[in-house]
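# Coordinates in review
Residues per chain are reported as follows:
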Amino acid sequence: MDNVQQALARNWAASLSDDFIQRVVEDLFQWDAQLFRIHPSGDFYDAPYTRKWFEIISQAHWCQFWAYTRSWTLKRMRKAMIALKDLPNMELWLSADRDTHAKFGRPPKWKGTRVAYMTTEYDEWVPAYADLVFRDKRKQEAKYVHGRLVCPVENGIEMKRKLTCDKCGICWKDY
């Protein structure tokens, strides 16, 4: 969609600015953000950008951050990814799916990271290394797929009160 493409282009341009770190930290402080998901759409695109997020997270110590990334597949990104995941207020999830599994195998076993696995079919095979499953097809209820926990926000089960990421906490709490 055009509006999404425009927003992503605007965000990318902002990430290149010299004051990106300062602006983000100030915004987080001004909003009194306690919880922040990095990249609801997108990913860490290079090591310098990832290091900017390292600085932001280090400075915004009052806020808990989390992100899903497929950048683990890029050797040039690994050092920056490992530094990022070691921050005490950061939960980094290594993201995988059928394609990354076929091409790269299991994501690396970095201490303090977990694996989020994206399925596109209801009963798609899910590897044993997956810690959490996200489903593209959510119409059928499923708490587990092949023994792996499905994101409670996306498991299709009706609840009296709408469950949100801030209430669930699986992705951003250190388990």
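Residues numbered from 1 in each chain as written. Predicted model: local features only at pLDDT ≥ 70, side-chain atom pairs only at ≥ 80, totals over all residues. Heavy atoms only, no water.

### Considerations on the packing of helix 2 (residues 20-30) against helix 3 (residues 47-59)
As a packed pair, helix 2 and helix 3 sit with axes 9 Å apart at the nearest point and diverge in direction by 35°. Between helix 2 and helix 3 lies a crossing of right-handed hand. Taking contact as the criterion, the partners of Phe20, Ile21, Val24, Val25 and Leu28 in helix 2 are, on helix 3, Tyr49, Lys52, Trp53, Glu55, Ile56 and Gln59. Taken together, the residues of the contact of helix 2 with helix 3 break down into eight nonpolar, one polar and two charged. (Axes fitted to C-alpha atoms, helices over the stretch in contact; angles between N-to-C directions. Helix = DSSP H or I, 4+ residues; strand = E, 2+ residues; numbered from the N terminus. Left-handed = near helix turned anticlockwise from the far one by under 90°. Contact = heavy atoms within 4.5 Å. Nonpolar A, V, L, I, M, F, W, Y, C, P; charged D, E, K, R; others polar.)

### A few points about unusual backbone geometry
You will see that His39, though not glycine, has its phi angle at about 60°, which is positive. The residue His39 is located in the loop between strand 1 (35-37) and helix 3 in this model. A relative accessible area of 13% places His39 in the buried class. Residues other than glycine seldom take positive phi values, yet His146 does so here, at roughly 50°. Mapped onto the elements, His146 comes out in the loop between strand 6 (144-145) and strand 7 (148-149). Judged by relative accessible area, which is 44%, His146 ranks as partly exposed. (Buried < 20%, exposed > 50% of the residue type's maximum accessible area, 1.4 Å probe, protein only.)

### Digging into the pattern of salt bridges
Within the structure shown, the criterion is met by six salt bridges. For Asp19, the salt bridge is made with Arg23, and the minimal N-O distance between the two is 3.9 Å. The partner of Glu124 in a salt bridge is Arg98, with the nearest N and O atoms 3.7 Å apart. Of this pair, Glu124 sits in the loop between strand 4 (114-119) and strand 5 (132-135) while Arg98 is found in helix 5 (residues 98-104), placing the two residues 26 residues apart along the sequence. Classification of Arg98 as partly exposed rests on a relative accessible area of 44%. (Salt bridge = Lys/Arg side-chain N within 4 Å of Asp/Glu carboxyl O.)

### A word on a nonpolar patch on the surface
Taken together, Met1, Val4 and Leu8 make up a surface patch of nonpolar side chains, about 300 Å² in accessible area. Of note, Val4 is situated in helix 1 (residues 2-15). Using a relative accessible area of 37% as the deciding quantity, one classes Val4 as partly exposed. (Patch = residues over 30% accessible without salt bridge, like charges linked within 9 Å, V, L, I, M, F, W, Y side chains within 5 Å. Areas by Shrake-Rupley, 256 points an atom, 1.4 Å probe, with all protein chains shown as cover.)

### Some details on the side chain of Thr113
Locating Thr113 in the fold gives a position in the loop between helix 5 and strand 4. In this structure the side chain of Thr113 is engaged in a polar contact, spanning 2.7 Å, whose partner is the backbone oxygen of Trp110. Those residues in contact with Thr113 that sit more than four places away from it in its chain are Lys85, Leu92 and Leu94. (Polar contact = N/O pair within 3.5 Å; in protein donor to acceptor, adjacent residues only side chain to side chain.)

By themselves, these figures tell us nothing about what the structure is for.
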